[in-house]
Amino acid sequence: MQELLFSWGPIILMLVVFYLVLIIPEKKRKKKYDDMINGLKINDEIVTRGGILGRLINIQEDYVIVESGPDKARFKLTKQGISNVIVKTEENK
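Student: I tried to follow the packing of aromatic side chains on my own but got confused; where do I start?
Tutor: Applying the stated rule across the entire model yields zero aromatic pairs. Its guanidinium or amino end placed over the ring of tyrosine 63, lysine 76 lies 4.7 Å from that ring's centre, counting from NZ or CZ.

Right, here's the structure in full:
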């Protein structure tokens, strides 16, 4: 019995550490990102994964329309292309 514990113990310990160090933080990051994507509102300032700063003009199911630059150029982007929300707009109460 002890031989079995000594042979499988380090492998099990490595799997537990792997789970604690890699899997749990990735699940938390994914949940936070999904909450951010689901909480998008019109006029939120965003940064795309490509580094473009812009303001949300229209939100569809899978896509958003972003307005950016001094010429107010508009482009269509998947929601997964959004990296971060800079400024969330306040709703009038």
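Anyway, onward from the coordinates.
Student: Just checking my understanding: could you explain the sheet that holds strand S3 (residues 63-68) for this structure?
Tutor: Hydrogen bonds between backbone atoms are what pair the strands of a sheet, whose relative direction is either parallel or antiparallel. Spatial ordering of the open sheet is given by S4-S3-S2-S1-S5, a layout of five strands whose pairing is antiparallel. Every interior strand has two partners, whereas the edge strands, strand S4 (73-78) and strand S5 (82-87), have only one. Neighbour-to-neighbour, the strand axes of the sheet open up by a mean angle of 45°, direction not taken into account. Inspection of the sheet shows strand S2 (residues 53-59) paired to S3 by four bridges, in the antiparallel sense. Residue pairing for S3: asparagine 58 is matched across the bridge by isoleucine 65.

Student: Teacher, can you tell me more about the pattern of salt bridges here?
Tutor: Side chains that differ in sign of charge can pair as their charged atoms come close. Evaluation of the coordinates by the stated rule reveals five salt bridges. Close ionic contact of glutamate 26 with arginine 29 constitutes a salt bridge, the shortest N to O distance being 2.7 Å. Within this pair, glutamate 26 and its partner arginine 29 are both found in helix H1 (residues 2-38), separated by three residues, close to a single helical turn. When its relative accessible area of 46% is taken as the criterion, arginine 29 is described as partly exposed. Several salt bridges converge on common partners, so that one network encompasses Arg55, Glu67 and Arg74.

Rules used in this analysis
- Residues numbered from 1 in each chain as written.
- Predicted model: local features only at pLDDT ≥ 70, side-chain atom pairs only at ≥ 80, totals over all residues.
- Heavy atoms only, no water.
- Phe/Tyr/Trp six-rings, centres within 6.5 Å; stacked < 30°, edge-to-face > 60°.
- Lys NZ or Arg CZ within 6 Å of the ring centre and 35° of its normal.
- Pairing = 2+ DSSP bridges.
- Helix = DSSP H or I, 4+ residues; strand = E, 2+ residues; numbered from the N terminus.
- Axes fitted to C-alpha atoms, helices over the stretch in contact; angles between N-to-C directions.
- Salt bridge = Lys/Arg side-chain N within 4 Å of Asp/Glu carboxyl O.
- Buried < 20%, exposed > 50% of the residue type's maximum accessible area, 1.4 Å probe, protein only.

Bear in mind that shape data such as this cannot, by itself, settle questions of function.
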